[in-house]
Amino acid sequence: MYYKLEDNQFKGFYEEREEKEEGTFVEISIDEWNDILNKQSQGETIFYNIKDEKLETIKLGEFETLNGTSIETDISALKKSIISELAELKYEYAEKEFIFQEKYLQKNRDVDKSNLTSIVVMLNVTKQTEFKNWKFKDLNNIDVYVDITIPDMLNMANTMQSQTTKALITESKLIAKLETLSVEELKTFDAYKEFKNLWKK
């Protein structure tokens, strides 16, 4: 068995030396060949170690590539991935349930805000002050239907808006933080943990 090198970079395995092809052919034992292929099957990348003059394998991260013997990180792709995760967390935290009047659970989805706005408009037009059977969940997560007043709904809308704004601000602060981090810090950046910790402040 042989492997071929071009400009000291690994170009593939060959059963026989191909004299007509460019590059250098280096003989390799069957055991070495099997060992390297086994590591490659486990997700490692094959490269030629110029210093030791032999083939080796290395485990690359999701956004890493091997340029000769140097590991390079696609910082742009890494940041885009983190920003995408932060966007998902923003929606998750914006829409999460909050406790209303210390005894009800209310979600903060777009449909909930839209329904609330429509009901307030309808009550004002019809000169009513109370909406019957708004659906909440109690603290045991059981559906309950409660009569709520316009002031109740305005308080609920204010909580919804505050929560949505907080999620947007948290996302923005963490995106700005990414610009201050080193490559190694970006690689270990835990978006979920960072979002959770900042949300609590």
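Preceding this section is the structure that the text describes.
Let me sum up the structure you'll find in this document. Here the structure is a predicted model, which means the values were calculated and not measured.

Things to note about the packing of aromatic side chains
Here is step 1: By the definition in use, this model includes seven aromatic pairs.
Here is step 2: Judged by centre distance (4.7 Å) and plane angle (15°), the rings of Tyr 104 and Phe 136 are stacked. Residue Tyr 104 is found in strand β9 (residues 104-106), and its partner Phe 136 is found in strand β10 (residues 130-138); the two are separated by 32 residues along the sequence.
Here is step 3: Relative accessible area serves as the criterion here: at 13%, Tyr 104 is assigned to the buried category.
Here is step 4: An aromatic cluster is defined as three or more aromatic residues linked by ring pairs; in this entry it consists of Phe 100, Tyr 104, Phe 131, Trp 134 and Phe 136.
Here is step 5: Over the ring of Tyr 91 we find Lys 90; its NZ or CZ atom is 4.6 Å from the centre of that ring.
Here is step 6: Directly above the aromatic system of Trp 199 lies the positively charged group of Lys 166, at a separation of 4.5 Å from the ring centroid.

Looking at the layout of surface pockets
Where empty space is left in the structure can be found by rolling a water-sized probe over the atoms.
Here is step 1: Approximately 260 Å³ is the volume attributed to the largest pocket.
Here is step 2: In this structure, the largest pocket is lined by Glu 97, Leu 105, Gln 106, Lys 107, Arg 109, Asp 112, Asn 115, Trp 134, Lys 135, Phe 136, Lys 137 and Asp 143.
Here is step 3: Mapped by element, the contributors of at least two residues to the lining of the largest pocket are β9, α3 (110-125) and β10.
Here is step 4: Sorting elements by how many residues they give to the lining of the largest pocket places β10 first, with four residues.
Here is step 5: When its residues are assigned to classes, the lining of the largest pocket shows three nonpolar, two polar and seven charged.

Quick look at the environment of Asn 67
Here is step 1: Looking at where Asn 67 falls in the secondary structure, it is placed in strand β6 (residues 64-67).
Here is step 2: Sequence separation between Asn 67 and Ile 142 is 75 residues; the distance between their C-alpha atoms is 58 Å.

A look at unusual backbone geometry
Across the chain, the bulk of peptide bonds are trans and the bulk of non-glycine residues have phi less than zero.
Here is step 1: One non-glycine residue with positive phi stands out, namely Asn 133, at about 65°.
Here is step 2: Along the chain, Asn 133 turns up in strand β10.
Here is step 3: The phi dihedral of Asn 141 is positive, around 70°, even though this residue is not glycine.
Here is step 4: You can see Asn 141 is positioned in the loop between β10 and β11 (143-149).

So, the environment of Asp 143
Here is step 1: Relative to the helices and strands, Asp 143 is located in strand β11.
Here is step 2: By relative accessible area, Asp 143 is classed as partly exposed at 35%.
Here is step 3: The contacts of Asp 143, once residues within four sequence positions are left out, are Lys 135, Phe 136 and Lys 137.
Here is step 4: Separated by 2.6 Å, the side chains of Asp 143 and Lys 137 make a polar contact.

Analysis parameters
The residue numbers shown here count from 1 along each chain, following its written sequence. Reporting of local features is limited, given that this is a predicted model, to residues whose pLDDT is at least 70; pairs of side-chain atoms are given and counted only at 80 or more, and all residues count toward the totals for whole chains, interfaces and linings. Note that water and hydrogens are dropped before the side-chain values are worked out from all heavy atoms of the structure. Two rings from Phe, Tyr or Trp (for Trp, the six-membered ring) form a pair when their centres sit within 6.5 Å of each other. Planes less than 30 degrees apart are called stacked, planes more than 60 degrees apart edge-to-face, and all others tilted. In this description a helix means any DSSP run of H or I spanning at least four residues, a strand means any run of E spanning at least two, and both kinds are numbered starting from the N terminus. Classification of residues uses two cut-offs on accessible area relative to the type maximum, computed with a 1.4 Å probe and protein chains only: under 20% is buried, over 50% is exposed, and between them is partly exposed. Geometrically, a lysine NZ or arginine CZ counts as sitting over a ring once it is within 6 Å of the ring centre and also within 35 degrees of the ring normal. In this analysis, the protein atoms alone were mapped onto a 1 Å grid. Cavities are point sets where a 1.4 Å probe fits without being able to get out; pockets are open sets with protein on both sides within 12 Å along at least five of seven lines; lining residues have an atom within 4 Å of a point. Grid points are joined across faces, edges and corners, and a volume is the space filled by probe spheres set on the points. Three categories are distinguished: nonpolar for Ala, Val, Leu, Ile, Met, Phe, Trp, Tyr, Cys and Pro, charged for Asp, Glu, Lys and Arg, and polar for the others, with Gly belonging to the last. By the convention used here, residues are in contact when the closest approach between their heavy atoms is within 4.5 Å. Polar contact is defined as a pair of N or O atoms within 3.5 Å, subject to the rule that within protein one atom must be able to donate a hydrogen and the other to accept it, and that residues adjacent in sequence are counted only when both atoms are side-chain atoms.

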